[in-house]
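Residues per chain are reported as follows:
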Amino acid sequence: MLQIQENVSLKNFNTFGIDTHARYFVEIAHEDELVELFADPQWQQTERLVIGGGSNLLLVNDFAGLVIRMNIRGIEHRISHNDVFVEAGGGEVWNDLVNFCVAREYAGIENLSLIPGSVGASPIQNIGAYGVELKDAFISCKVFEIATSAFKIFTKDDCKFGYRESVFKNQVKGQYIIVSVKFHLSLIPNINTQYGAIGQELANRGIASPTIKDVSQVVSHIRVSKLPDPSTIGNAGSFFKNPLISIEEFNAIYAKFPDVVNYPGGDGLIKLAAGWLIEQCGWKGKTAGNTGTWKNQALVLVNHGGATGQEVYNFSSQIIDSVYTKFGVMLQREVNIIS
Ligand SMILES: Cc1cc2nc3c(=O)[nH]c(=O)nc-3n(C[C@H](O)[C@H](O)[C@H](O)COP(=O)(O)OP(=O)(O)OC[C@H]3O[C@@H](n4cnc5c(N)ncnc54)[C@H](O)[C@@H]3O)c2cc1C
């Protein structure tokens, strides 16, 4: 029997540590419980928010509807020659899945070590780090369609993955709940150490031929040294996306700011480092009331304690305005704003 709780504090369910309340709250540990939940017309009609680890949310107000926390567990794996097929429940912790695979030398998601959150949320923004994106290992996901209570499969094509984007944030937003995800990994590693400080850190450790375990450990080490730990200081990782701009726009910025940090963005676009843009506007390490930017990375907004979602949101708007004024680039928020 499902337990629907009332007036539940969400403080421990979002990594920003914002203290808002959900009018109703339910935890789902099995697929059948979704069918049971939505058999009651009340929940079909109520506003809903599905959450996993709450590591990509900014809760601006109390939530007047039903918060559905996904806790479906389980990891299954099958090997065929050098191919490995892994299916994980949407409520599994993403990094537990990474550790499960790394321990068995299943290669493909080691660069995504230590990203917070759940497996079920990983396709939502096509999580990415250190030159790898979820889509590189993704086969399909099983979803629950709220309108019909049917389970369906979304293939990689169906998901329309892009940079921190998928169909779930756009065309079909709010219509489906991801219950499990299938991955294609390999026993033959394709070690990717090109991005960021991985190569340097491996060299520091005297590792010339890294294993996927080495890569996972180095990525975890770099992340811990650069990003604030949400259990100590509330945050949701990168608050903004790195903007993608045309060559013409880039040339105009480069003429004025030749040291602008940029990367190839694919499809003829240039990706700018949002953290650099924000830092150039003088925001790095700034505190404003109970919020501010992280001292080592201006892209991360933090809760210094007792911040409200509105306070963080307003602060993020000030950053967007000043970056636009200086560079003519409009930053987009990566974090999901729940208002
Ligand atoms: C310190 C830190 C570092 C981070 N680093 C990275 C990084 O390197 N790369 C990166 O890509 N992200 C990063 N993030 C962001 C975050 O970890 C990811 O976006 C993660 O996938 C969010 O998972 P979650 O379970 O916490 O999702 P939540 O925050 O709970 O939800 C995020 C969104 O997904 C929806 N959702 C959640 N679960 C489901 C489901 N089962 N079905 C349907 N919709 C669902 C929610 O409604 C919401 O819109 C970081 C966050 C933090 C705090």
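Heads up: the structure comes first, above all this text.
Residues numbered from 1 in each chain as written. Predicted model: local features only at pLDDT ≥ 70, side-chain atom pairs only at ≥ 80, totals over all residues. Heavy atoms only, no water.

## Some words on the side chain of Asn 126
Point 1. Examined against the element boundaries, Asn 126 turns out to sit in the loop between helix H3 (94-103) and strand S8 (128-129).
Point 2. With sequence-adjacent residues up to four places away left out, Asn 126 is seen in contact with Glu 133, Leu 134, Lys 135, Phe 161, Gly 162, Arg 164 and Glu 165. (Helix = DSSP H or I, 4+ residues; strand = E, 2+ residues; numbered from the N terminus. Contact = heavy atoms within 4.5 Å.)

## Here's the deal with the pattern of salt bridges
Point 1. Scanning the model with the defined rule gives 10 salt bridges in all.
Point 2. The salt bridge partner of Glu 6 is Arg 23, with a shortest N-O separation of 2.7 Å. Residue Glu 6 is located in strand S1 (residues 5-9), and its partner Arg 23 is located in strand S2 (residues 21-28); the two are separated by 17 residues in the primary sequence.
Point 3. Residue classification places Glu 6 among the partly exposed residues on the basis of a relative accessible area of 48%.
Point 4. On the basis of relative accessible area, Arg 23 is assigned to the partly exposed category, the value being 31%.
Point 5. Two residues, Lys 135 and Glu 133, come together in a salt bridge whose shortest N-O distance is 3.4 Å.
Point 6. The exposure class assigned to Lys 135 is partly exposed, which follows from its relative accessible area of 27%.
Point 7. Several salt bridges converge on common partners, so that one network encompasses Glu 133, Lys 135 and Asp 136. (Salt bridge = Lys/Arg side-chain N within 4 Å of Asp/Glu carboxyl O. Buried < 20%, exposed > 50% of the residue type's maximum accessible area, 1.4 Å probe, protein only.)

## Re helix H6 (residues 212-226)
Point 1. Over its 15 residues, H6 runs 21 Å from end to end, which matches the ideal 21 Å to within 8%, given 1.5 Å per residue.
Point 2. Residues Ile 212, Asp 214, Val 215, Ser 216, Val 218, Val 219, Ser 220, Ile 222 and Arg 223 constitute the buried set of H6.
Point 3. The elements touched by buried residues of H6 are H3, S8 and helix H5 (198-204). (Expected span 1.5 Å × (residues − 1).)

## Quick notes on the nonpolar core
Point 1. Membership of the largest hydrophobic core comes to 40 residues, with the highest contact counts inside it found for Trp 94, Leu 97, Ile 109, Cys 141, Phe 168, Phe 183 and Leu 185.
Point 2. Elements represented by at least two residues in this core include exactly strand S7 (83-89), H3, strand S10 (138-145), strand S12 (176-186), H5 and H6.
Point 3. It is H3 that contributes the most residues to this core, 6 residues altogether.
Point 4. If near-sequence neighbours (up to four positions away) are discounted, Ile 109 is found in contact with Trp 94, Leu 97, Val 98, Cys 101, Ala 137 and Leu 185.
Point 5. Grouped together as the second largest cluster of nonpolar side chains are 33 residues, Phe 239, Leu 277, Phe 315 and Val 323 included. (Core = buried A, V, L, I, M, F, W, Y, C linked by side-chain atoms within 4.5 Å.)

## Focus on the sheet that holds S2
Point 1. Across the sheet, 4 strands lie side by side as S1-S2-S5-S3; this open sheet has mixed pairing. The open sheet terminates on both sides in strands that have one partner only, identified here as S1 and strand S3 (48-51). The mean angle between the axes of side-by-side strands here comes to 40°, regardless of whether they run parallel or antiparallel.
Point 2. Both S2 and strand S5 (residues 63-70) contribute to a ladder of 6 bridges, which runs parallel. Looking at S5, one finds that Ala 22 is bridged to Phe 63.
Point 3. Packing against the sheet, helix H1 (residues 31-38) makes contact with S2, S3 and S5, and its axis sits at approximately 135° to S2. (Pairing = 2+ DSSP bridges. Axes fitted to C-alpha atoms, helices over the stretch in contact; angles between N-to-C directions.)

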